[in-house]
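As a plain string of letters, each chain reads:
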Amino acid sequence: MTNNGSDPVVAALGGLAATAPTGLLDRVVSRWVRVPGPVGDLYVAFGAQGISYVRTAASVDDSAVEFTRSFRDRFARPLVPGERPPAGLVAALRTGRTRQLRYDLRGLTPFEVDVLTAAGRIPAGQARPYAWVAREIGRPGAVRAVGTALGRNPVPVLIPCHRVTRADGQVGEYVFGTPVKEAMLLAEHVDLGELRELAKARVFYIGSDTTGIVCFPTCAHARRITPPHRRGFRTVDQATEAGYRPCLHCRPALAASA
Amino acid sequence: MADTDQLTDAVVTRLADDLDAGFVDLVRAYEKVVYSVALRVGGPGDAEDLAAEAFLRAYRALLGYDRDRILALRPRPWLLTIVLNTWRNSVREAGRRPSQVPLGEAGDLPGGGPSVEEAAERAETRRDLAVLVAALPTTQRVAVVLRHVVGLPIGEVAAVLGCPDGTAKSHVSRGLRRLRMLYLGRSGGVGDDVGSALVPRRMP
């Protein structure tokens, strides 16, 4: 009669137990940190797959408990304090170059991911209309759905949905409220006053009569045009009729292609 | 992988006081047993995914529990029940999506997969016990893994399997008997062990 201690099969079975992979805990439990942002501190949640959630401290009553509750309501995942921010986050916030950061967008629909990817391509200090995003992702008719998807952006500030604004010169809605959106655009040196003046004058595109290129007014190329050479247009079609071609950087699209 | 009343009490008290911080302790305390069962029942391909998914489901269940229910939890059999339910769901889903490889190729389904004896042939040279375990019928495999790979007492094995202790015991011993014949029968030089393997054993 053998007992378990000397039974070779039982002993060998005990050897089939395995140590859990070191990353298992981080796949289950997310971490949060508080870091300086462009308009006050931010709470940022992240896990093994990347950054998953961002809220301004002001929007969660300046409270980690409130941020954790908000995260739990949305993701139903555990969240605990992190020891340090994810690699590159603080530098990215300082320079405004947040495109290289890794994001965890698993809870989103493919449409929402497309919208955020397009919004993520808008450089700091520039703005694009909602319809531009809709066209960029090949869904020109889905302008309202673009607005909804931007409103559900889980990582605002970092994926710059605040750079998508209304065509009429107003900045439009924002997850943290319109005043915060205005403050963020102003912090990036977007001339909101000029945009409103242009919109009032029904000017939505700016061309250079020396290069023959037409841009969105906030495009870096448009801002370089000296006043004597600036030409305003209501539509890209008008500009092309006048012999201009759309800028390859800010990509104002022809109405006909919509 | 020993579980003690003290460990159980400490973990559930911490969970009840602070669900998220307590959950870190829960994962740390049980990740080895959860991962081992995921690996030996579900197979190596997706064991980490399965373990992570099971822990996440556990957290979501806890969100709906009040303090008393959390304090009354026996975390180890509770977690392992979730692992096995998660595994069964993923096998079922994989069946609906034929392009995906099922988690547990070596299930109880007739036809298809290799029999225990075929697996034994394949494992002959390496005497790979893991392969033999993987080829056991599901219930025997689960019972053997719970009892002898991660060392659960028979009462917890029965709780996870959802059957009486006696039934759990017989699943374990039938699985073990099969393994012992195949494993020792080929090891050479221990011929008489094959005979003794057929003698009913006393389970602790």
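Residues numbered from 1 in each chain as written. Chains lettered and ligands numbered in written order. Predicted model: local features only at pLDDT ≥ 70, side-chain atom pairs only at ≥ 80, totals over all residues. Heavy atoms only, no water.

A. Up close: the overall build of chain A. A count of helices and strands for chain A gives 11 helices and 10 strands. Among the 258 residues that make up chain A, the fraction classed as buried is 48%. Counted over contacts in chain A with a minimum sequence separation of 6, partners at least 24 positions apart contribute 55%. By element, 52% of the accessible surface of chain A is carried by carbon and sulfur atoms, the whole surface being about 12400 Å². (Helix = DSSP H or I, 4+ residues; strand = E, 2+ residues; numbered from the N terminus. Buried < 20%, exposed > 50% of the residue type's maximum accessible area, 1.4 Å probe, protein only. Contact = heavy atoms within 4.5 Å. Areas by Shrake-Rupley, 256 points an atom, 1.4 Å probe, with all protein chains shown as cover.)

B. Looking closely at the interface of chain B and chain A. On the side of chain A, 30 residues touch chain B, which itself brings 39 residues to the contact. Interface of chain B and chain A: buried area, both sides summed, is about 3000 Å²; carbon and sulfur atoms make up 67% of it. At the junction of chain B with chain A, the criterion picks out four salt bridges. One salt bridge connects D7 of chain A with R180 of chain B, and the closest N-O pair in it is separated by 2.9 Å. Where chain B touches chain A, the interface holds nine residue pairs in polar contact (both at pLDDT 80 or more). Secondary structure elements with two or more residues in the side of chain B that touches chain A: α2 (19-42), α3 (47-63), α7 (129-134), α8 (138-149) and α10 (165-185) of chain B. It is α2 of chain B that provides the largest number of residues to the side of chain B that touches chain A, a total of 13 residues. When its residues are assigned to classes, the side of chain B that touches chain A shows 25 nonpolar, two polar and 12 charged. (Buried area = accessible area lost by both parts, 1.4 Å probe. Salt bridge = Lys/Arg side-chain N within 4 Å of Asp/Glu carboxyl O. Polar contact = N/O pair within 3.5 Å; in protein donor to acceptor, adjacent residues only side chain to side chain. Nonpolar A, V, L, I, M, F, W, Y, C, P; charged D, E, K, R; others polar.)

C. Seen up close, the pairing of strand β3 (residues 50-56) of chain A. Residue and element names in this part refer to chain A. Within β3, seven of the seven residues are buried, which leaves it mostly tucked inside the rest of the structure. As paired elements, strand β2 (residues 40-47) and β3 share six bridges and run antiparallel to each other. Bridged to F46 within β3 is I51. Connecting the antiparallel pair β2 and β3 is a turn made up of two residues. (Pairing = 2+ DSSP bridges.)

D. Region of the structure containing the side chain of T8 of chain B. By the element assignment, T8 of chain B lies in helix α1 (residues 5-17). Apart from the residues lying within four places of it in its own chain, the contact partners of T8 of chain B are D3, Y30, L73 and P75 of chain B.

E. Here's a closer look at unusual backbone geometry. All names here are of chain A. For D61, which is not glycine, the phi dihedral falls at a positive 55°. The residue D61 is located in the loop between β3 and α3 (64-75) in this model. Non-glycine residue H189 carries a positive phi angle of around 65°.

F. Geometry of the pattern of salt bridges. Summed over the entire model, instances satisfying the criterion amount to 23 salt bridges over all chains. When the shortest N-O distance is used, the salt bridge between R76 of chain B and E156 of chain B registers 2.9 Å. Of this pair, R76 of chain B sits in helix α5 (residues 75-96) while E156 of chain B sits in helix α9 (residues 154-161); the two residues are 80 residues apart in sequence, bridging distant segments of the chain. Through salt bridges with shared partners, one network takes in R27 of chain A together with E48 and D49 of chain B.

G. Just the sheet that holds strand β1 (residues 30-37) of chain A, in detail. Residue and element names in this part refer to chain A. With mixed pairing, four strands are arranged side by side in an open sheet as β3-β2-β1-β4. Each edge of the sheet is formed by a strand with only one pairing partner; in this case those strands are β3 and β4 (79-81). Sheet twist, expressed as the average angle between the axes of neighbouring strands with direction ignored, equals 35°. Note: β1 against β4, three bridges, orientation parallel. If you follow S30 over to β4, its bridge partner there is L79. Sitting on the sheet, α3 touches β1, β2, β3 and β4, and the angle it makes with β3 is about 125°. (Axes fitted to C-alpha atoms, helices over the stretch in contact; angles between N-to-C directions.)

H. Quick peek at the environment of A16 of chain B. Residue and element names in this part refer to chain B. Inspection of the secondary structure puts A16 in helix α1. On the accessibility criterion, A16 (18% relative accessible area) is buried. Distance from A16 to L71, taken between C-alpha atoms, is 6.6 Å for residues 55 residues apart in sequence. Leave out the neighbours within four places in its chain, and A16 touches R67, I70 and L71.

I. The packing of aromatic side chains, seen in detail. Inspection of every chain in the model, using the stated rule, returns 12 aromatic pairs over all chains. Centroid distance F23 of chain B to Y59 of chain B: 5.3 Å. Interplanar angle 80°. Geometry classified as edge-to-face. Separated by 36 residues along the polypeptide, F23 of chain B in helix α2 and Y59 of chain B in helix α3 bring together distant segments of the chain. Of the two residues, F23 of chain B and Y59 of chain B, neither departs from the other in class, the shared state being buried. By the ring-pair criterion, three or more aromatic residues cluster together here, those being W32, Y43, Y53, F67, F71 and F75 of chain A. (Phe/Tyr/Trp six-rings, centres within 6.5 Å; stacked < 30°, edge-to-face > 60°.)

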